[in-house]
Amino acid sequence: MTFTNQRILPAARKVKDLEKLMKLSYEHIVILDTHISQISSIVQLAKSHGKKPLLHADLIEGLKNDEYAAEYLCQVVKPAGIVSTRAGVIAKTKQNGLLAIQRLFLLDTNALEKSYAMFKRTQPDYIEVLPGVIPHMITEVSERTGIPVFAGGLIRTVNDVEQAIAAGASAVTTSNVELWKHFEHKEGD
């Protein structure tokens, strides 16, 4: 799966933002803060509008973020993919044939080296680098792992998006509605 025609992966935190997303032309979207009782209906709503929802498993209230939760999400909820920091969730997502996006928080060199070792084991489809405003780290993670990278976190301006893409990010995840609108008309250029 490639995101070459979608530089922005809009990420909805609230229902009102999700409603805005349904009216925009983005195909892939990220669902952030949700509750277990809402997740199936949210995914179905997104799919009914032609969207391919990516669920952030770590941010679903009422659902433990483990392999069993990933199995439930894959088999019952059936999103297009799952985002998580956890290796077991990524492995289970891949076993179920869904898009697996592993989040990487840039904390320090030691944590980064441990993450590189983990990526060799988990082989996610994409790595989401946070914060996404450090272009040289986007380049390093992409080159060192050979896995496509998304940039996310602290993306606030058009320039932030453009720098992340120039550094090698396949796409930028953002909950900034103004950036969604700005780049929607530029998609596919």
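Here, the structure is the one placed above.
Residues numbered from 1 in each chain as written. Predicted model: local features only at pLDDT ≥ 70, side-chain atom pairs only at ≥ 80, totals over all residues. Heavy atoms only, no water.

J.: Which parts of the structure should I look at to understand the pairing of strand S4 (residues 52–56)?
T.: Taken across its five residues, S4 has four buried, putting it largely inside the fold. The pairing of strand S2 (residues 28–31) with S4 spans four bridges and is parallel. Across the sheet, Ile31 pairs through a bridge with Leu55, a residue of S4. Sheet topology note: the S4/strand S6 (residues 81–84) ladder contains three bridges and is parallel. Looking at S6, one finds that His56 is bridged to Val83. (Buried < 20%, exposed > 50% of the residue type's maximum accessible area, 1.4 Å probe, protein only. Helix = DSSP H or I, 4+ residues; strand = E, 2+ residues; numbered from the N terminus. Pairing = 2+ DSSP bridges.)

J.: Which parts of the structure should I look at to understand the pattern of salt bridges?
T.: One pass over the full model with this rule turns up seven salt bridges. Between Asp33 and Arg13 there is a salt bridge whose closest N-O contact spans 2.8 Å. In this pair, Asp33 sits in the loop between S2 and strand S3 (34–35) while Arg13 sits in the loop between strand S1 (8–12) and helix H1 (15–23), placing the two residues 20 residues apart along the sequence. Accessibility expressed as a relative area gives 40% for Arg13, which makes it partly exposed. Salt-bridge contacts for Glu27 lead to Lys52; the nearest nitrogen and oxygen are separated by 3.1 Å. Here Glu27, found in the loop between H1 and S2, pairs with Lys52, found in strand S4; they are 25 residues apart in sequence, far enough to count as distant. (Salt bridge = Lys/Arg side-chain N within 4 Å of Asp/Glu carboxyl O.)

J.: Looking at this structure, I do not really get the pairing of strand S10 (residues 171–174). What am I missing?
T.: Strand residues, when the strand is regular, have side chains that alternate between the two faces of the sheet. Side chains Ala171 and Thr173 project from S10 onto one buried face, and the interleaved Val172 and Thr174 project onto a second face that is buried too. With three bridges joining them, strand S9 (residues 149–152) and S10 adopt parallel strand pairing. Along S10, the bridge assignment pairs Phe150 with Ala171. Following the backbone out of S9, through helix H7 (residues 158–166) and into the adjacent parallel S10, one traces a crossover that is right-handed. (Right-handed = clockwise from strand over helix to strand, strands pointing away.)

J.: Help me understand the packing of aromatic side chains, please; the structure alone is not making it clear to me.
T.: Given two aromatic rings, one states the distance between the centres and the angle between the planes to describe the pair. Considering all chains together, one arrives at one aromatic pair under this definition. When the centroid spacing of 4.4 Å and the interplanar angle of 15° are considered together, the rings of Tyr126 and Phe150 count as stacked. Note that Tyr126 is positioned in strand S8 (residues 126–130) and Phe150 in strand S9, a separation of 24 residues in sequence. (Phe/Tyr/Trp six-rings, centres within 6.5 Å; stacked < 30°, edge-to-face > 60°.)

J.: Explain the side chain of Thr174 to me, please; I cannot follow it from the model alone.
T.: Secondary-structure assignment places Thr174 in strand S10. Once residues lying within four places of it in the same chain are set aside, the contact partners of Thr174 are Ile8, Leu9, Pro10, Ala11, Ile155, Leu179 and Trp180. (Contact = heavy atoms within 4.5 Å.)

J.: Even after reading the chapter, I still don't get the environment of His185, so can you show me in this structure?
T.: Along the chain, the position of His185 falls in the segment after helix H8 (177–184). Taking the C-alpha atoms as reference, His185 lies 24 Å from Leu32; in sequence the two are 153 residues apart.

J.: Even after reading the chapter, I still don't get unusual backbone geometry, so can you show me in this structure?
T.: Among all residues except glycine, the phi angle is most often negative; among peptide bonds, the trans geometry is most common. Following Leu130, the chain continues into Pro131 via a peptide bond in cis, with omega recorded as -5°. Along the chain, the position of Pro131 falls in the loop between S8 and helix H6 (135–145). Here Gln123, not a glycine, exhibits a phi torsion of approximately 45°, which is positive. Following the sequence through the fold, Gln123 ends up in the loop between helix H5 (109–122) and S8. Not every positive phi belongs to a glycine, and Leu154 is a case in point at roughly 65°. The residue Leu154 is located in the loop between S9 and H7 in this model.

Treat this as a map of the structure, not an account of what it does.
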